[in-house]
Amino acid sequence: MSDDLTRLSAAELAGKIHSREVSAVEAAQAHLDRITAVDGDVHAFLHVGTEAALASATLVDESLDAGTAPASALAGVPLALKDVLTTTDMPTTVGSRILEGWRPPYDATVTSKLRAAGITILGKTNMDEFAMGSSTEYSAYGPTRNPWDLGRIPGGSGGGSAAALAAFEAPLAIGTDTGGSIRQPAAMTGTVGVKPTYGGVSRYGLVACASSLDQAGPCARTVLDAALLHEVIGGHDPMDSTSIDAPVPAVVEAARLGAKGDLSGVRVGVVRELTGEGYQAGVGENFDAALRELEKLGAEVVEVSAPHFQYGLAAYYLILPSEVSSNLARFDAMRYGLRIDKGASAEEVMAATREAGFGPEVKRRIILGTYALSSGYYDAYYGQAQKVRTLISRDFAAAFEQADVLVSPTAPTTAFPIGDKVDDPLAMYLNDLATIPTNLAGTAAMSVPSGVAAEDGLPTGLQIMAPALGEAVMYRVGAAYEAARDAADGSPFAARTPEVKA
Amino acid sequence: MTAPTLVDFDDVVDRYDPVLGLEVHVELSTNTKMFCGCPTAFGAEPNTQVCPTCLGLPGALPVVNRTAVESAIRIGLALNCDIAPWGRFARKNYFYPDMPKNFQTSQYDEPIAVNGHLDVTLEDGTVVRVEIERAHMEEDTGKSLHVGGATGRIHGAEYSLLDYNRAGVPLIEIVTKMIPDTGGRAPEVARAYVTALRDLIRSLGVSDVRMDQGSMRCDVNLSLSPKGSGILGTRSETKNVNSLRSVERAVRYEMSRHAGVLDAGEKVVQETRHFQEDTATTRSGRIKETSEDYRYFPEPDLVPIAPSAEWVEELRGTLPELPWERRARIQQEWNLSDAELRDLVNADALDLVAATVDAGAPSGDARSWWVSYLSQQANTRGVTLDALPITPAQLARVIELVTTGELNNKLARQVVDGVLEGEGEPDEVVAKRGLAVVSDDGALIAAVDEALAAQPDVAEKIRGGKVAAAGAIVGAVMKATKGQADAKRVRELIIERCGA
Ligand SMILES: [Zn+2]
């Protein structure tokens, strides 16, 4: 029974809970049991909030038993929350020693929306420290392992959330995507991950990595589940000045429409600069197969060019560290978090704490950013990077004249072995080549599983990109492709995930 | 550190041209902070007016206070500035414990108001136009209290206490362009400018502008160039100048100090100095080894401020009568000469007189009370005129009692004294001190007869028609009645009794 519940999609589970076939507490307990069984190996969670989860599920059950309509389409469904969003009832560490044990006095807007929707928050998931990384190896609390192969990374920074889905520890998760931190782990774990339009989901309570790039989004095992979660967390927030004051795109309707399998009239643009060289063979093969599938669904596949995407990575690694160097200045031991009482002055305590509290990748980026913003260098680095950003936005605008969505492989390779790239930052950075342009432009994108690579049997991802607030067509294409792929495979993709083996 | 050599002020002025610059920070009296909903009231228990945003907690975000932007635009308009149609906030990055985010959110190179001016009237009526470079919005820091150690500064302190109530309170910084050609009047110009700015902002109702409470703070920039050379000298920036008088004294001191350095053939150090209230001197702050690199960049958590032309015009329509307009109107209404108006302004009595007039008193009476008797009282007590414990309404009542004949001027002063001593409202003081004018003719006639009898020679003169001689008898009667007689009536009675 328990095992069955963890294999359901969020939509299916919600149906059973709302029809009272299953209680929310049973659903929560099944997933908590699953976490107990496998998370020792996977290490998707940094904190499991058993009591809080069961208490929340109990409230949902009481309300449903009293005949009240469900608070949302996902009321009672369990969820894994990335440890970058603040929670009053669980610690928020951002994968860093510097916030070890920090219990925020306030809930992030996303957290509040999840609570209001009756979603059961199971716990907080592992991540690269301050969301900087592509493998979750930079977590101060040890890496998360990929449920497909425990010797491999689950992607990052949101490896914990993606692995929790792939290991059936939760049917839903929240990630945050600064340069691909939702989409790349989704590709690596065979799950669905969506980076909404910048400003589409509130950043209030999202511990900042890079303010102008960060965006929280839904993670799930199916496109419809992601859409359902998207509508829960999306929408304008007066606490976030950069939040868009517009209705949430009707993504659930679009996903249901797409699942019917007709994409006629939809133009799909293949970004020339994001294909060809540099991809693992199976990644390329699966991408080509996906294109054929889209054509079969009636979509018109066209080639588009985005000539400035090649500068995206360089611009990203100037803008991101610059913002990081400023955003992370507040971790100074004066008000919260770690404090190393070494030295006689406040400055010495600050320095000792930051030395002990930040990991190598965070320090690397703080130093890069501090340098890039220094007077005399600002124009050459930060200023120039902002210009590239504008050019990339123009590339997108031009491409979206010719196509409704753009596609590319999500990541250049399948999941790599733990330890493979941890000492080679540049190789690590290349993971995000295809995902970064979307963050720079503030547009939307998702990753949908596109099968497993022939050579290693590991999942690959199809990235679907849409204009700002153009999520509806993106979900439609994603759901149509997913349905066609499942039909061809004879089962949902998640069913192909191997059992976790230690 | 050796004491600086100070050059006599007149000597400085003979040989050098001072160049002034003033940076004034004004704390806005908005109900809430610049980027969050916390209250801004002064004097609350430490760390009770804070939230995730103004404490810089991880994940918290700023939202611009619309009222603060309105206030900034109104200040800009009143200073004849252009209002920028688009501008971003920037982050000024530096580490200091009283700054929760370790960066200050400030409009750096995109200020909301630029290129204005303020005409400043000096004591003798000379008008100096001070050019305004810019007015920009920023947030205040928290307050540190460094305990232990000799200097009260963070270095050497045993421990420090931090209060973040002030962190995030909206500030407007108003920066002048360089003010040249003021010569020996530089200290006076500086003070007059800050005074005029204070009055202007007060009239807008956007700040308390209390220098003593820190809601208005002034940095004085000063450099000297050899007379007539036009070569710009190195400037010092003096902070902690917390009263109008200190503004004047800080300029004066820095001029003498700079001249001392230059006369010795040395270079003035570009540095921040702190004004010492007790000695009227300045003290060197920490000398920066390198120029501080604040690594400014546009604040990514905020969207640009883009006030529409319509909104700006709407705000222009809300500007009240500005101080100079009001002065012109009052001068006309009260029929004052330029000198009379200036005396009133210089005595800082204009608002008080106007309030007294509003409470029903004739302007002439109100003026003379505030400018003479009450100014003396303020001087004696060592307080500013507006800090005297008497309200314009109370004074208006005293004046009314004089007009109706219930008090004479001498008694009125005693009533005012009583009010100042905290004895209550004017009528209560009259009752308690028994200060009503003696209007019983019977008692007065007896006193008059007694005085005439005591000075028969004077009485004889009056009877002989020399009415002017009555003054001596009036004086005697007033003395006998302890001043409580109506002098006019006494004079009438004397003449009556003498049959003159
Ligand atoms: Zn606050």
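The structure presented is a predicted model; accordingly, all values stated were derived computationally and were not measured.

K.L.:
What is the right way to read empty space enclosed by the protein from this model?
P.N.:
Empty pockets left among the atoms are what a rolling probe the size of a water molecule brings to light. For the structure on display, the rule yields 5 cavities of 30 Å³ or more. Considered as a void within the structure, the largest cavity measures approximately 190 Å³ in volume. Surrounding the largest cavity, 20 residues form its lining, F35, T53, C54, K101 and E139 of chain B being those nearest its centre. Of the residues belonging to the lining of the largest cavity, the class tally is 10 nonpolar, 4 polar and 6 charged. Contributing to the lining of the second largest cavity are 14 residues, with L206, V207, A208 and R330 of chain A together with G59 of chain B lying nearest its centre.

K.L.:
Looking at this structure, how should I read the sheet that holds strand β11 (residues 459-466) of chain A?
P.N.:
All names here are of chain A. Judged by pairing direction, the sheet is mixed, and its 11 strands sit side by side in the order β1-β3-β2-β4-β6-β5-β10-β11-β9-β7-β8 without closing on themselves. The strands lining the two open edges of the sheet, one partner per strand, are β1 (45-48) and β8 (300-304). Strand-to-strand twist of the sheet, defined as the mean angle between neighbouring strand axes without regard to direction, takes the value 30°. As paired elements, strand β2 (residues 78-82) and strand β4 (residues 172-176) share 3 bridges and run parallel to each other. The residue bridging L79 from the neighbouring strand is L172, located in β4. Taken strand by strand, helix α4 (residues 50-65) contacts β1 and β3 (120-125), and its axis lies near 155° from that of β3. Helix-sheet contacts for helix α17 (residues 471-489) involve β5 (192-195), β6 (216-220), β9 (405-409), β10 (444-452) and β11, and the interaxial angle to β10 is about 5°.

K.L.:
Would you mind showing me how to read the nonpolar core here?
P.N.:
Where a protein is soluble and globular, its nonpolar side chains tend to be buried together. Grouped together as the largest cluster of nonpolar side chains are 136 residues, with contacts concentrated most on L114, F130 and Y475 of chain A. Here Y475 of chain A is in contact with V194, P218, V223, A226, A227, H230, V251, A254, A255 and M446 of chain A, once residues within four sequence places are set aside. Counting residues in each nonpolar core, the second largest holds 71 residues, with A72, L77, I179 and A250 of chain B among its members.

K.L.:
How do you make sense of unusual backbone geometry when you look at a structure like this?
P.N.:
Residues and elements named next belong to chain A. The amide bond that connects G156 to the next residue, S157, takes the cis arrangement and shows omega of 10°. The topology assignment puts S157 in the loop between β3 and α6 (159-166). At V94, a position not held by glycine, the phi torsion is positive, near 55°. Among the structural elements, V94 can be located in the loop between β2 and α5 (109-116). Given a relative accessible area of 1%, V94 falls into the buried group.

K.L.:
It is not clear to me how the confidence of the model for chain B should be interpreted in this structure. Could you clarify?
P.N.:
Detailed reading of the predicted coordinates is not advisable wherever pLDDT is low. Residues and elements named next belong to chain B. Within chain B, residue pLDDT values average 91, and 97% of them lie at 70 or more. Mean pLDDT values over the elements of chain B span from 84, in helix α16 (residues 487-498), up to 98, in strand β2 (residues 82-83). Scoring of the predicted complex yields 0.88 for pTM and 0.95 for ipTM.

Calculation rules
- Residues numbered from 1 in each chain as written.
- Chains lettered and ligands numbered in written order.
- Predicted model: local features only at pLDDT ≥ 70, side-chain atom pairs only at ≥ 80, totals over all residues.
- Heavy atoms only, no water.
- 1 Å grid on protein atoms, 1.4 Å probe; cavity = no way out; pocket = protein on both sides within 12 Å on 5 of 7 lines; lining within 4 Å.
- Points joined across faces, edges and corners; volume = space filled by probe spheres on them.
- Nonpolar A, V, L, I, M, F, W, Y, C, P; charged D, E, K, R; others polar.
- Pairing = 2+ DSSP bridges.
- Helix = DSSP H or I, 4+ residues; strand = E, 2+ residues; numbered from the N terminus.
- Axes fitted to C-alpha atoms, helices over the stretch in contact; angles between N-to-C directions.
- Contact = heavy atoms within 4.5 Å.
- Core = buried A, V, L, I, M, F, W, Y, C linked by side-chain atoms within 4.5 Å.
- Buried < 20%, exposed > 50% of the residue type's maximum accessible area, 1.4 Å probe, protein only.
- pLDDT = per-residue confidence, 0-100.

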